[in-house]
Amino acid sequence: VQLQAFGGGLVQTGGSLRLSCAASGRTFSRYAMGWFRQAPGKEREFVAAITWAGGITYYADSVKGRFTISRDNAKNTVYLQMNSLKPEDTAVYYCAAHPGDPRRLIGYEHWGQGTEVTVSS
């Protein structure tokens, strides 16, 4: 699976962005998908994940209630809707594919290039 994330940009505090991650390959629907982010000078952190069928989602506490992950297997795409953005959400966001339980962070096999999100105060 090859992944390409896009949709980042510059937004003001309180604004919204929707990130997309397009996958190539017919096996996309077999993978759980996750979003991660890495802020300058910080380690990469988990943001959200969704199971292969889209029935179960997981979120980091820092984004719960503000971000929504979803997927469209017919379009081989996973989304991250980000609302009520804060300056601390500024980071490069990455999507990744997992063959099993997306809560197991060491199991992500495929990573897309990042898309940069900047939230101005």
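Everything discussed here concerns the structure shown above.
Residues numbered from 1 in each chain as written. Predicted model: local features only at pLDDT ≥ 70, side-chain atom pairs only at ≥ 80, totals over all residues. Heavy atoms only, no water.

Participant: What should I look at first to understand the overall build of the chain in this one?
Facilitator: Across its full length, the chain carries zero helices and eleven strands. Starting at the N terminus and walking to the C terminus, you meet the elements of the chain as β-β-β-β-β-β-β-β-β-β-β. In summary, the chain has a C-alpha radius of gyration of 13 Å against a globular reference of 14 Å for 121 residues, a match within 12%. Oriented by its inertia axes, the alpha-carbon framework of the chain measures out at about 40 × 25 × 25 Å. Expressed as a percentage of the 121 residues in the chain, the buried residues total 43%. Across the chain, the fraction of contacts at a sequence separation of at least 24, relative to all contacts at a separation of at least 6, is 55%. When the accessible area of the chain is evaluated, it comes to approximately 6,400 Å², of which 47% is carbon and sulfur surface. (Helix = DSSP H or I, 4+ residues; strand = E, 2+ residues; numbered from the N terminus. Rg over C-alpha atoms; globule rule 2.2 N^0.38 Å. Buried < 20%, exposed > 50% of the residue type's maximum accessible area, 1.4 Å probe, protein only. Contact = heavy atoms within 4.5 Å. Areas by Shrake-Rupley, 256 points an atom, 1.4 Å probe, with all protein chains shown as cover.)

Participant: What's the story with the packing of aromatic side chains in this structure? I'm lost.
Facilitator: Describing an aromatic ring pair means giving the distance of the ring centres and the angle of the ring planes. Taken as a whole and judged by the stated rule, the model has four aromatic pairs. Taken together, a centroid distance of 4.9 Å and an interplanar angle of 85° make the contact between phenylalanine 36 and tyrosine 108 edge-to-face. With phenylalanine 36 in strand β4 (residues 32-38) and tyrosine 108 in the loop between β9 (91-98) and β10 (110-111), the pair connects residues that are 72 residues apart, well separated along the chain. Here phenylalanine 36 falls in the buried class, since its relative accessible area comes to 4%. By relative accessible area, tyrosine 108 is classed as buried at 8%. (Phe/Tyr/Trp six-rings, centres within 6.5 Å; stacked < 30°, edge-to-face > 60°.)

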